[in-house]
Amino acid sequence: MCVCSTTSKLGAAVRAGPEYKICLTYSDLCSTFLPLLCQHSPRLCTIKHNSATMPSELENAMESLIKVFHKYASKEGRSGTLSRRELRELMENELSGFLKSQKDPAAIDKIMKDLDTNGDGQVDFEEFVSLVVGLSIACEQCYQMHMKKGKK
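Per an unreviewed UniProt entry, the chain goes by the name EF-hand domain-containing protein and belongs to Xyrichtys novacula.

Let us now look at the overall build of the chain. On a plain count of helices and strands, the chain comes out with seven helices and four strands. Starting at the N terminus and walking to the C terminus, you meet the elements of the chain as β-β-α-α-α-β-α-α-α-β-α. Contacts in the chain between residues far apart in sequence, at least 24 positions, make up 32% of those at least 6 positions apart. Accessible surface computed for the chain: about 10,600 Å², of which carbon and sulfur atoms make up 58%.

For the structure shown, the criterion picks out eight salt bridges. Measuring nitrogen to oxygen at the nearest pair gives 3.2 Å for the salt bridge that ties K67 to E63. Taken together, the positions of K67 and E63, both in helix α3 (residues 57-73) and four residues apart, correspond to about one turn of that helix. Taking the relative accessible area as the measure of exposure, K67 reaches 43% and is therefore partly exposed. Its relative accessible area of 5% is what places E63 among the buried residues. One salt bridge connects K71 with E94, and the closest N-O pair in it is separated by 3.9 Å. Highlighted residues: K71 in helix α3 and E94 in helix α4 (residues 84-94), separated in sequence by 23 residues.

Those places that UniProt annotates as "domain: EF-hand" (unreviewed entry) correspond, in this numbering, to residues 103-138. Secondary structure over residues 103-138 splits into 64% helix and 6% strand, and the C-alpha atoms at its two ends are 18 Å apart.

Residue-level pLDDT values for the chain average 75, and 65% of them are 70 or greater. Within the model, the stretch residues 1-24 combines pLDDT values under 50 with 37 contacts to residues more than four positions away or in other chains.

Between its terminal C-alpha atoms helix α7 (residues 125-151) stretches 39 Å, which fits the 39 Å expected from 27 residues at 1.5 Å a residue. The set of residues buried in α7 consists of E126, E127, F128, V129, L131 and L135. Its side-chain oxygen placed 3.2 Å from the backbone nitrogen of E126, D124 serves as the N-cap of α7.

This part takes up the packing of α4 against helix α6 (residues 107-115). It is at 10 Å that the axes of α4 and α6 come closest, and there the two elements cross at 115°. Viewed along their axes, α4 and α6 adopt a mutual orientation that is roughly perpendicular. Considering how the two elements wind past one another, α4 and α6 form a crossing that is right-handed. Facing α4, whose interface residues are R84, L87, R88 and M91, α6 presents I108, D109, I111, M112 and L115.

This next bit is on the environment of T81. With respect to the helices and strands, the residue T81 is situated in strand β3 (residues 81-82). T81 sits 44 residues away from F125 along the chain, and the two C-alpha atoms are 6.8 Å apart. In this structure the side chain of T81 is engaged in a polar contact, spanning 3.2 Å, whose partner is the backbone oxygen of R78. Side-chain polar atoms of T81 contact the side chain of Q122, separated by 2.7 Å.

What α6 keeps buried is the set A107, I108, I111, M112 and L115. Within α6, the buried residues cover an arc of 130° as seen down the axis, which keeps them to one side. Seen from the buried face of α6, the exposed residues on the opposite side, beyond 90 degrees, are K113 and D114. Elements in contact with the buried residues of α6: β3, α4, α5 (96-101), β4 (123-124) and α7.

What counts as what
- Residues numbered from 1 in each chain as written.
- Predicted model: local features only at pLDDT ≥ 70, side-chain atom pairs only at ≥ 80, totals over all residues.
- Heavy atoms only, no water.
- Helix = DSSP H or I, 4+ residues; strand = E, 2+ residues; numbered from the N terminus.
- Contact = heavy atoms within 4.5 Å.
- Areas by Shrake-Rupley, 256 points an atom, 1.4 Å probe, with all protein chains shown as cover.
- Salt bridge = Lys/Arg side-chain N within 4 Å of Asp/Glu carboxyl O.
- Buried < 20%, exposed > 50% of the residue type's maximum accessible area, 1.4 Å probe, protein only.
- UniProt positions renumbered as here; feature names shortened; annotations may be inferred.
- pLDDT = per-residue confidence, 0-100.
- Expected span 1.5 Å × (residues − 1).
- Polar contact = N/O pair within 3.5 Å; in protein donor to acceptor, adjacent residues only side chain to side chain.
- Axes fitted to C-alpha atoms, helices over the stretch in contact; angles between N-to-C directions.
- Parallel < 35°, antiparallel > 145°, perpendicular 65-115°, else oblique.
- Left-handed = near helix turned anticlockwise from the far one by under 90°.
- Arc of directions from axis to C-beta.

Encoded structure:
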């Protein structure tokens, strides 16, 4: 795994052959792929329906993630970030199964502290995505275990 010299937690390591590693930060990914994404998938960039091409499942998932974040991030305080209250509301409505499984009444506070990597008391989109990625990885691991049990 490549160690990126960046503070971005969304740094991505890309293997280019057996000996070479290239580090791409979140900023690198955006500056490289955003123009291509907007050119080939304008629906994702403008979040408008384009009937000429049907979006893929992954494009729909990305659009949904963006829309859900901004639905809650625009309710109070700074636009484009989630306050503790907004994060709680988002999780109660959009991740209710996960939240109900938490036995700790301070779960939201702990999640907020973990997500707020820059310490500004808000969760921006990049910080929020790390929650979704972490939950997705855990769900995929459960999926893999379920698939293994089904094959035995």
